[in-house]
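Residues per chain are reported as follows:
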Amino acid sequence: NIVYNMQICFAIFTLLLLFFSMSKANNILIEHLPEIFHGYKSPLSSSIDIIDSSKDYWTEFITHLSQFNNLSVDKTHLEIKKLILNDKYKDDPAIQAGLAKCYIAEGKFVEAIKTLGYALSLLDKSNPDTQAFVLLEMINLLTVIGSREHSIHLLKAGKMIVKSRYISKLYDYYELVNKIRNGNYDLINRLIKSGEYFENNNQFATLAFHYKNIGNAFGKIKDFDNEKNYYSKALLICDKHNYQEIKSAIDHDIAMSYFRVGDKKQAIRKLKNTAENARSY
């Protein structure tokens, strides 16, 4: 019993140590973030070019930022344009995170790493919500390149500092998707509930991704009726709002659904068509 109690005390002490090491006046300690993002002290000179070539992704970023800043999407767009025209975007870590999102979507991962690394160098003077916002794009990149352990670590770190309800909901969404991908299919209903929040906030790009991931989850448990239903709901949103990059991602998943049920010819046909029409890398 004494040994057991000591183990419990040590576990609690370790958790408290982790909390205080990751939280200093509600801020993350920069040196605890993955080394891949360290060492970049200046913005990329070509960053602004990525906006025009990745309008779909930039639009998604603006809709996130509008909630973050409590401004309308149109006003947020105007504010970002002002920042860019005045060259002030270079000192704004949230804008740098948006640029990184564009790079990730284009498959330009080295540029994304450098841009997020530069954003990291700006975080010391940022509030906790801005830090958590930048961490989300780091999590996005780490997930895309297959570094899931690091992304889960950052999810935990971000959740410890975030104050904004909206950004907290984004963290919950990322966490649910990670857990469901690891086989926790009993969380599907929570992911559906999460989607309702973003629907009520008119965050339709995030909602489409919810439906995509919900469809994937139902497919994994062989509930093909619900899988098809949620893919259809996601595609309706994409058609209405012209989310071509999300549509391509869903079309890919539909092709893989054909493959899983044994319709390989239809799967190959769908994959070829998706590859030909995809804008995203």
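Worth saying up front: this structure is predicted, and the values here are computed from it rather than measured.

Colleague: Explain unusual backbone geometry to me, and be specific about the residues and the numbers.
Modeller: At Asn202, a residue that is not glycine, the phi angle is positive and equals roughly 60°. With a phi close to 65°, Lys222 is a non-glycine residue in the positive phi region. Relative to the elements of secondary structure, Lys222 occurs in the loop between α11 (204-220) and α12 (224-241). Given the relative accessible area of 62%, Lys222 is considered exposed.

Colleague: An account of the packing of helix α10 (residues 188-200) against α11 is requested, with residue identities and associated values reported.
Modeller: Interaxial distance between α10 and α11 falls to 9 Å at its minimum, and their mutual angle equals 165°. Of the possible angle classes, the one that applies to α10 and α11 is roughly antiparallel. In this structure, α10 crosses over α11, and the sense of that crossing is left-handed. Across the interface between the two elements, Ile188, Leu191, Ile192, Ser194, Gly195, Phe198 and Glu199 of α10 pack against Phe204, Thr206, Leu207, His210, Tyr211, Asn213, Ile214, Ala217 and Phe218 of α11. Tallied by class, residues from the contact of α10 with α11 come to ten nonpolar, five polar and one charged.

Colleague: Please provide a residue-by-residue account of the environment of Thr63, values included.
Modeller: Among the structural elements, Thr63 can be located in helix α3 (residues 55-69). Looking at Thr63, the relative accessible area reads 15%, which means it is buried. Considered as a pair, Thr63 and Val73 are ten residues apart in the sequence and their alpha carbons are 5.8 Å apart. Not counting chain neighbours up to four residues away, the residues in contact with Thr63 comprise Val73, Tyr166 and Gln203.

Colleague: Just give me the short version of the packing of aromatic side chains, but keep the residues and values in it.
Modeller: Evaluated as defined, the whole model comprises five aromatic pairs. When the centroid spacing of 5.8 Å and the interplanar angle of 25° are considered together, the rings of Phe218 and Tyr230 count as stacked. A residue pair is termed long-range when its members are at least 10 positions apart, and Phe218 in helix α11 and Tyr230 in helix α12 qualify at twelve residues. Both residues of the pair, Phe218 and Tyr230, count as buried. These aromatic residues form a ring-pair network of at least three members: Tyr166, Tyr197 and Phe198.

Colleague: Now, about the side chain of Ser151: what can you tell me, with residues and values included?
Modeller: Structurally, Ser151 can be placed in helix α8 (residues 148-161). Residues within four places of Ser151 in sequence aside, it is in contact with Ile139, Leu142, Thr143 and Asn178.

Colleague: Run through the nonpolar core, naming residues and quoting values.
Modeller: Judged by nonpolar contacts, the single largest core of 65 residues is most densely connected at Phe37, Met138, Ile167, Tyr171 and Ile250. Those residues in contact with Tyr171 that lie beyond four places of it in its chain are Ala132, Leu135, Leu136, Ile139, Leu154, Leu155, Gly158 and Lys159.

Colleague: Pulling in residues and values, what's your account of the packing of helix α7 (residues 128-144) against α8?
Modeller: Running from N to C, α7 and α8 cross one another at 165°; their axes reach a closest spacing of 9 Å. As far as their axial angle goes, α8 and α7 are roughly antiparallel. Where α7 crosses over α8, the handedness of that crossing is left-handed. In this structure, α7 uses Pro128, Gln131, Ala132, Leu135, Met138, Ile139, Leu142 and Thr143 to contact α8, whose residues at the interface are Arg148, His150, Ser151, Leu154, Leu155, Ala157, Gly158 and Ile161. Among the residues making up the contact of α7 with α8, the classes are represented as ten nonpolar, five polar and one charged.

About the criteria used
- Residues numbered from 1 in each chain as written.
- Predicted model: local features only at pLDDT ≥ 70, side-chain atom pairs only at ≥ 80, totals over all residues.
- Heavy atoms only, no water.
- Helix = DSSP H or I, 4+ residues; strand = E, 2+ residues; numbered from the N terminus.
- Buried < 20%, exposed > 50% of the residue type's maximum accessible area, 1.4 Å probe, protein only.
- Axes fitted to C-alpha atoms, helices over the stretch in contact; angles between N-to-C directions.
- Parallel < 35°, antiparallel > 145°, perpendicular 65-115°, else oblique.
- Left-handed = near helix turned anticlockwise from the far one by under 90°.
- Contact = heavy atoms within 4.5 Å.
- Nonpolar A, V, L, I, M, F, W, Y, C, P; charged D, E, K, R; others polar.
- Phe/Tyr/Trp six-rings, centres within 6.5 Å; stacked < 30°, edge-to-face > 60°.
- Core = buried A, V, L, I, M, F, W, Y, C linked by side-chain atoms within 4.5 Å.

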